[in-house]
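# Inside the fold
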Amino acid sequence: MDFDVSTSKRAGEKLKNKKVKENGVAARQSDGLRDLMEFTTSVVEIVQDGLIAVDEERRILFFNKAAQKILEYDQDRVIGEHISKIFKEEEMEAILATGYRAGEARIARETEVSRSDGEKISIGYSTTVFTDEEGTSRGHIITFRDLTEINRMQEEILRMDRLASLGEISSGIAHEIRNPLAAIKTTAQAMDCLLYTS
């Protein structure tokens, strides 16, 4: 019996040591997962592009600081809300249009949306479907950037180009008018000289 008790004690200690090791591994994995989540959140929060994640029912799961700044909606008030709280129906349909598969993105689209104060802004956006491990669609991720200032600058450049073209046309017209006038002036001066000398 002595043999059975000591063997049993050793087996018990081995099992206990194994559980301690497993708990240590699980704790390290849990810490690693927590660190990875904190890192991912930090990266997503620091980017200058707005990022919104919505589930299949179009409820907002994530709304980063850039999205808050661009759209002027308070992050705490929109999490869990339907995306229609932010985007009007036609805006939402344009952004979340279906017809593409998981892993594909609708890239470099542009639309006009309303901020919380009603001001219209232009945004450039990309949308993709996010999935779980089985490949089942769980919602959409929308990244976007405010293009309002860029569009204003482009309009200003076009206006300046038009003014420059108008200046060139005016210069050409003035030149075309001056040439005949110079000939008329020369002829008039020559006639004046002939009249007064004769």
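The text that follows walks through the structure, step by step, so that each part is easy to find. (Residues numbered from 1 in each chain as written. Predicted model: local features only at pLDDT ≥ 70, side-chain atom pairs only at ≥ 80, totals over all residues. Heavy atoms only, no water.)

### Observations regarding the overall build of the protein chain
Of the regular secondary structure elements, the protein chain holds five helices and five strands. When its helices and strands are written in sequence order, the protein chain yields α-β-β-α-α-α-β-β-β-α. Going through the 198 residues of the protein chain one by one, you find that 25% of them count as buried. Taking contacts inside the protein chain between residues at least 6 apart in sequence as the whole, the part at least 24 apart equals 40%. Element-wise, carbon and sulfur atoms account for 57% of the exposed surface of the protein chain, whose accessible area totals about 14,400 Å². (Helix = DSSP H or I, 4+ residues; strand = E, 2+ residues; numbered from the N terminus. Buried < 20%, exposed > 50% of the residue type's maximum accessible area, 1.4 Å probe, protein only. Contact = heavy atoms within 4.5 Å. Areas by Shrake-Rupley, 256 points an atom, 1.4 Å probe, with all protein chains shown as cover.)

### Quick notes on the nonpolar core
Counting 21 residues, the largest nonpolar core has I52, F63, L71, I83, F87 and F144 as the members making the most contacts within it. Of all the elements in the fold, those that place two or more residues in this core are β1 (50–55), β2 (60–63), α2 (65–71), α4 (89–95), β4 (120–131) and β5 (137–146). Those residues within four positions of L71 in sequence are excluded, and the remaining contacts are I52, F63, I86, F87, V113, R115, S116, I121 and F144. (Core = buried A, V, L, I, M, F, W, Y, C linked by side-chain atoms within 4.5 Å.)

### Observations concerning a nonpolar patch on the surface
Judged by side-chain polarity, L33, L36, M37, F39, V43, I46 and V47 come together as a nonpolar surface patch covering roughly 690 Å² of accessible area. Tracing the sequence through the fold places M37 in helix α1 (residues 2–46). On the basis of relative accessibility, which here comes to 53%, the residue M37 falls in the exposed class. (Patch = residues over 30% accessible without salt bridge, like charges linked within 9 Å, V, L, I, M, F, W, Y side chains within 5 Å. Salt bridge = Lys/Arg side-chain N within 4 Å of Asp/Glu carboxyl O.)

### Section: the pattern of salt bridges
This model, assessed by the stated rule, comprises seven salt bridges. Linking D49 and R145 is a salt bridge whose minimum nitrogen-to-oxygen distance equals 2.7 Å. Taken together, the residues span a long stretch of sequence, with D49 in the loop between α1 and β1 and R145 in strand β5 at a distance of 96 residues. Among the ionic pairs, R115 bridges to E72, the shortest N-O distance being 3.7 Å. Note that R115 is positioned in the loop between β3 (105–114) and β4 and E72 in the loop between α2 and α3 (75–78), a separation of 43 residues in sequence. Among the charged side chains, a salt-bridge network with shared partners connects E72, R115, E119 and D146.

### Topic: unusual backbone geometry
Unusually for a residue other than glycine, R58 sits at a positive phi of about 65°. Structurally, R58 can be placed in the loop between β1 and β2. If you check the backbone angles, E72 has positive phi at about 60° while not being a glycine.

### Concerning the side chain of D132
Assignment of secondary structure puts D132 in the loop between β4 and β5. Among the polar contacts listed, one links the side chain of D132 to the side chain of R138, at a separation of 2.7 Å. (Polar contact = N/O pair within 3.5 Å; in protein donor to acceptor, adjacent residues only side chain to side chain.)

### A word on the pairing of β1
Of all six residues that make up β1, six are buried, and the element is covered over most of its length. Judged by which residues are buried, β1 turns out to be covered on both faces: G50, I52 and V54 on one side and L51, A53 and D55 on the other are all buried. Where β1 meets β5, six bridges bridge the pair, whose relative direction is antiparallel. For A53, the partnering residue across the bridge sits in β5 and is I141. Note: β1 against β2, three bridges, orientation antiparallel. Counterpart to V54 in the pairing with β2 is I60. Between the end of β1 and the start of β2, which pair antiparallel, lie four residues, with R58 showing a positive phi angle near 65°. (Pairing = 2+ DSSP bridges.)

Don't take any of this as a statement about function, it's just geometry.
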